[in-house]
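Understanding the architecture of this molecule
The residues making up each chain are set out below.
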Amino acid sequence: MTEFHHKEISRDHRRLEEISIFHDVAKALTSSLDLDAVLQTIMDKMALFFRPDTWSLLMVDEQKEELYFAIAVGPAADTLKALRLKVGEGIAGWVARHGESLIVPDVYTDPRFAKRIDEMTKWQTRSIICIPLKSKHRVLGVIQLINCALENFGESEMFFLHALCDYAAIAIDNAKAMERIQELTITDDCTGLYNARHLYKVLESEVYRSQRFGHEFTVVFLDLDHFKKVNDTHGHLIGSKLLSDIGYRIKAALRLIDYAFRYGGDEFVVLLPQTGKDNGIVVAKRLQDCIRATPFIMEGNISLNIKCSLGVASFPEDAKSAHEIIRQSDEMMYMVKGSTRDNIAVAQLGLLK
């Protein structure tokens, strides 16, 4: 058999490989909403075809203008996952900034190469292929293949690599769209906090975690005092703006692991994971103080002094289910409403003052 026939067979084999990979990737895209699983499939197939020593997917953190390693393979994977690059730093950073592909056969002749990565990972990079993942003129991430056999890397291989990167960009775009849809279904439009529908979903998870790991958690039910008077006096636009500002102030007073929900109307619920009753009371007092301490300034130089009634209950001390913990904290809040307002009541303890 001639050398020409060998090349033709080899070329046909590569085409069949490409078709098979496209089929597998397309199937992953259409059958799974799990972004990590789809990207892993794409990256695995890419590695199978191009056989790099190591490969990685870096995602762009737009807020911080940094790249982080979402997927990394090889002995240095753990080190890479803790590493961040500035957009513009290194070859991957250059690709992220300019949105153009780069093939660098010898990284040590390229001034863009970031030597600190090899120094940290103790890895020896010789060549890099870097492809941007783009959507609507935005770079979402960068795929990086290290130490591929570049002697067989031509236009056909580059076209195939770009096609796989387009699939990855579609997967990321789909996942971001699903996140936005999810946010719309669980978020309250007025305040930006979670809504009551999401409250019970989170509560069920917290009850499960509590029962399995022995964690306590506390719920604070908060209702604004005389909110109807604000609407009647200043109108619903001012009332809505006030609710939005209250939501912001509540969120700002909490830890990152805490949850804040708009339960409905002028009622809010705060869920404090891994928090016992005593610490829950401390948070309730902080919420009470931060709402009544500073006037809310509205348009037209309207200054509103707002106070609130709060109820506190803890799991599993005061309740054995998600609905029961809400009922208990709600009852405590109504105990305050029925007496002095501007106070806190605690399950099994009653009014604090």
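For the structure, see preceding data.
Let me begin by describing the structure that accompanies this report. The written sequence of each chain sets the order in which its residues are numbered from 1. Totals for whole chains, interfaces and linings use every residue, but because this is a predicted model, local features are given only for residues with pLDDT of at least 70 and side-chain atom pairs only at 80 or more, for both listing and counting. The basis for every side-chain value is the complete set of heavy atoms in the structure, and neither hydrogens nor water enter the calculation.

Within the protein one finds eleven helices and 15 strands. Relative to all contacts within the protein whose residues are 6 or more apart in sequence, the contacts with residues 24 or more apart total 60%. Accessible surface is estimated by sampling points in the Shrake-Rupley manner with a 1.4 Å probe; for residues, cover comes only from the protein chains shown. When the accessible surface of the protein is totalled, it reaches about 18,800 Å², and 53% of it is carbon and sulfur. The helix and strand labels rest on DSSP assignments: H or I over at least four residues marks a helix, E over at least two residues marks a strand, and numbering proceeds from the N terminus. Contacts are assigned to residue pairs with any non-hydrogen atoms lying within 4.5 Å of each other.

Each strand in a sheet pairs with another by means of backbone hydrogen bonds, the pair being arranged parallel or else antiparallel. Strand order in the open sheet made by the six strands is β3-β2-β1-β6-β5-β4, with antiparallel pairing throughout. What marks the edges here is a single partner per strand, and that holds for β3 (84-86) and β4 (102-104). Here the strands of the sheet are splayed against their neighbours by 25 degrees on average, with no regard to which way each runs. In the sheet, strand β1 (residues 54-61) pairs with strand β2 (residues 66-73) via seven bridges, with the strands oriented antiparallel. Bridge pairing in β2 links valine 60 to leucine 67. In this analysis, strands are considered paired if DSSP registers two or more bridges between them. Between N-to-C directions, angles cover 0 to 180 degrees, with each direction set by a line fitted to C-alpha atoms, over the stretch in contact for helices.

Our next topic: the packing of helix α9 (residues 236-252) against helix α10 (residues 277-292). Between α9 and α10, whose axes approach to 10 Å, the crossing angle comes to 140 degrees. When the axes of α9 and α10 are compared, the pair comes out oblique. The two elements α9 and α10 cross, and the hand of that crossing is right-handed. Judged by residue contacts, Ile246, Arg249 and Ile250 of α9 engage Leu287, Cys290 and Ile291 from α10. Per-class residue counts for the contact of α9 with α10 are five nonpolar, no polar and one charged. Any angle that is under 35 degrees is reported as roughly parallel, and any over 145 degrees as roughly antiparallel; angles of 65 to 115 degrees are reported as roughly perpendicular and all others as oblique. Whether a crossing is left-handed or right-handed is set by the direction in which the near helix is turned from the far one by less than a right angle, anticlockwise for left-handed and clockwise for right-handed. Residue type decides the class: Asp, Glu, Lys and Arg count as charged, Ala, Val, Leu, Ile, Met, Phe, Trp, Tyr, Cys and Pro as nonpolar, and the leftover types, Gly among them, as polar.

Below, the discussion takes up the packing of helix α7 (residues 196-213) against helix α11 (residues 322-337). To characterise two packed helices, one gives the angle between the axes of the helices and the distance between these axes. At a minimum axis separation of 9 Å, α7 and α11 run at an interaxial angle of 110 degrees. The pairing of α7 with α11 is recorded here as roughly perpendicular in orientation. Facing Leu199, Tyr200, Leu203, Glu204 and Val207 of α7, the residues of α11 in contact are Ala322, His323, Ile325 and Ile326. Residue composition of the contact of α7 with α11, by class: seven nonpolar, one polar and one charged.

An order of β7-β9-β10-β8-β13-β14-β15 is seen for the seven strands of this open sheet, with the pairing classed as mixed. Both outer strands of the open sheet, β7 (194-195) and β15 (350-351), are each paired with one neighbouring strand and no more. Contacts from α9 reach β8 (217-224), β9 (259-264) and β10 (267-273) within the one sheet, and its direction differs from that of β10 by about 10 degrees.

Positionally, aspartate 223 belongs in strand β8. Accessible area is worked out with a 1.4 Å probe on protein chains only. A residue is then buried under 20% of its type maximum, exposed over 50%, and partly exposed in between. Among the residues examined, aspartate 223 registers a relative accessible area of 6% and is labelled buried. Any N or O atom pair separated by 3.5 Å or less is treated as a polar contact, with the protein-specific requirement of one donor-capable and one acceptor-capable atom, and with residues adjacent in sequence counted only for side-chain atom pairs. Of the polar contacts made by the side chain of aspartate 223, one reaches the side chain of lysine 337; its length is 2.4 Å. Once residues within four sequence positions are removed from consideration, aspartate 223 is found in contact with Asp266, Glu267, Cys308, Ser309, Met333 and Lys337.

Just to be clear on terms, a salt bridge is a Lys or Arg side-chain nitrogen sitting within 4 Å of an Asp or Glu carboxyl oxygen. Counting across every chain of the model gives 20 salt bridges. Aspartate 258 is the partner of arginine 255 in a salt bridge, and the nearest nitrogen-oxygen pair spans 2.6 Å. Judged by relative accessible area, aspartate 258 falls into the buried class, the value being 4%. Through salt bridges with shared partners, one network takes in Asp61, Glu66, Arg84 and Lys86.

Along the chain, phenylalanine 315 connects to proline 316 via a cis peptide bond; the corresponding omega equals 5 degrees. Considering the arrangement of structural elements, one finds proline 316 in the loop between β13 (308-315) and α11. Here the phi dihedral of asparagine 147 falls at roughly 60 degrees; this positive angle occurs in a residue that is not glycine. Checked against the element boundaries, asparagine 147 lands in the loop between β6 (138-146) and α6 (155-186). At glutamine 348, a position not held by glycine, the phi torsion is positive, near 70 degrees. Here glutamine 348 shows up in the loop between β14 (344-346) and β15.

With respect to the helices and strands, the residue glutamate 331 is situated in helix α11. Classification of glutamate 331 by relative accessible area gives partly exposed; the value is 37%. Residues glutamate 331 and phenylalanine 221, 110 residues apart in the sequence, show an inter-C-alpha distance of 9.0 Å.

By themselves, these observations are geometric and do not establish any function.
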